[in-house]
Amino acid sequence: MQLETYISDLLYRYECVIVPEFGAFLTQRVSAKINADTNTFFPPKKVISFNEQIQKNDGLLAHYIADVEKIPFEIALDKIKNRIGFIKSQLVEKESISLNNIGKIALNEEGKIIFEPFNHLNYLTDAFGLNQMVSPAISREEYKREVESLEKVIPLTITPESRKARPYLRYAAIAVLALGISGFMGSKYYVNQVENHNQIAQETANTQLEHKIQEATFVIENPLTAVSLTVTKPLGSYHIIAGAFRVEENCDKIISDLKAEGFNARKIGVNKYGLHQVVYNSFENRKDALNALRNIRKNNNPHAWMLVKDLE
């Protein structure tokens, strides 16, 4: 049993996933940050940690496995117990064990479990599509120093001739201003005349139309037959999310590309953060949805995730 896959699925939706008789994987939201030294932008994310002291079974993991594999709750508990027993025996023999998409675990000198999380997968669904980004620095100071050096080499001087007043330019500006005002007044008068003409013509047309409607007589020889429309509701409460976008127009391009790849893609509405969500497909059965999610993560999008929600 791939216990790591089930833990990874639950970490998207819950802040604590307890593995009975082993420990708890915890998630904590970390805000976006910028490294000024490297000009690197880091999006918000969930940081995973491990607490060996929390081992009391809350039933979350076992219920999820039982639901996915369609087995009784007690059998799911036995599977977890057997898998944890194997992991503990491997920790004694090996230096460390890798848990897929979660992190590495090992034993220290005191026999306690130490955990090192992987950073390639972001479990914060609100930050879907946001990746680490490096932006080149803006070198404003270099341009300033270059201008200062040019001023020292080539001093700027203003000759007395350039300061002489030119009165003919003043008179020309006044003339241009007067022509502009007169032209503006004339154009405004013309526009008003056109608007008045259009208003009168519109009122005349409306009067004629009302008169013709009053004189018209409608005779219906054959009654119209009723038209029945069948509205199909999107099936399934398990939705494989392809992305969430602030601008709704961006969804149409994504949906077109996904349909070209054979997916039944569509929009399922806006989440509580105002983002328009696009799905690869929706499923009625959780097991089918998980199989599709694993296939999409492997072949199309490693950041795809599953939303469990009944759509109206």
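Everything here concerns the structure above.
Residues numbered from 1 in each chain as written. Predicted model: local features only at pLDDT ≥ 70, side-chain atom pairs only at ≥ 80, totals over all residues. Heavy atoms only, no water.

(A) Looking closely at the packing of helix α2 (residues 60-69) against helix α7 (residues 286-299). Direction vectors running N to C along α2 and α7 enclose 95°, while the axes themselves pass 7 Å from each other. Here α2 lies roughly perpendicular to α7, going by the angle between them. Counted together, Y64, D67 and V68 of α2 and R286, K287 and L290 of α7 form the full contact between these two elements. Each residue belonging to the contact of α2 with α7 can be placed in one class, and the counts come to 3 nonpolar, no polar and 3 charged. (Axes fitted to C-alpha atoms, helices over the stretch in contact; angles between N-to-C directions. Helix = DSSP H or I, 4+ residues; strand = E, 2+ residues; numbered from the N terminus. Parallel < 35°, antiparallel > 145°, perpendicular 65-115°, else oblique. Contact = heavy atoms within 4.5 Å. Nonpolar A, V, L, I, M, F, W, Y, C, P; charged D, E, K, R; others polar.)

(B) Inspection of the sheet that holds strand β7 (residues 103-107) at higher detail. Taken together, 3 strands build an open sheet; the order of strands is β6-β7-β8 and the sheet is antiparallel. In this open sheet, the two strands that pair with only one neighbour each are β6 (97-99) and β8 (113-117). The mean inter-strand angle of the sheet, taken between neighbouring strand axes irrespective of direction, is 25°. Across 5 bridges, β7 lies against β8 in antiparallel orientation. (Pairing = 2+ DSSP bridges.)

(C) How the structure looks around the packing of helix α1 (residues 3-11) against α2. It is the contact of α1 with α2, at a shortest axis distance of 10 Å, that shows an interaxial angle of 110°. In terms of axis orientation, α1 runs roughly perpendicular to α2. Across from L3, Y6, I7, D9 and L10 in α1, the residues of α2 making contact are L60, L61, Y64, I65, V68 and E69. Grouping the constituent residues of the contact of α1 with α2 by class yields 9 nonpolar, no polar and 2 charged.

(D) Structural context of the nonpolar core. Judged by nonpolar contacts, the single largest core of 55 residues is most densely connected at I7, V19, F22, F25, L61, I105 and I240. With 6 residues, the single largest contributor to this core is α2. When neighbours within four sequence positions are excluded, I7 is seen to be in contact with V17, V19, F25, L61 and I102. (Core = buried A, V, L, I, M, F, W, Y, C linked by side-chain atoms within 4.5 Å. Buried < 20%, exposed > 50% of the residue type's maximum accessible area, 1.4 Å probe, protein only.)

(E) Examining the side chain of H239 more closely. Structurally, H239 can be placed in strand β10 (residues 238-245). Within polar-contact distance, the side chain of H239 engages the backbone oxygen of K309 at 2.8 Å. Discounting residues that sit within four places of it in the chain, H239 has contacts with R266, I268, V279, N281, S282, W305, M306, L307, K309 and L311. (Polar contact = N/O pair within 3.5 Å; in protein donor to acceptor, adjacent residues only side chain to side chain.)

(F) Inspection of the environment of H303 at higher detail. Among the structural elements, H303 can be located in the loop between α7 and β13 (305-308). The class for H303 is partly exposed, based on a relative accessible area of 29%. A C-alpha to C-alpha distance of 7.3 Å links H303 and L121, two positions 182 residues apart in sequence.

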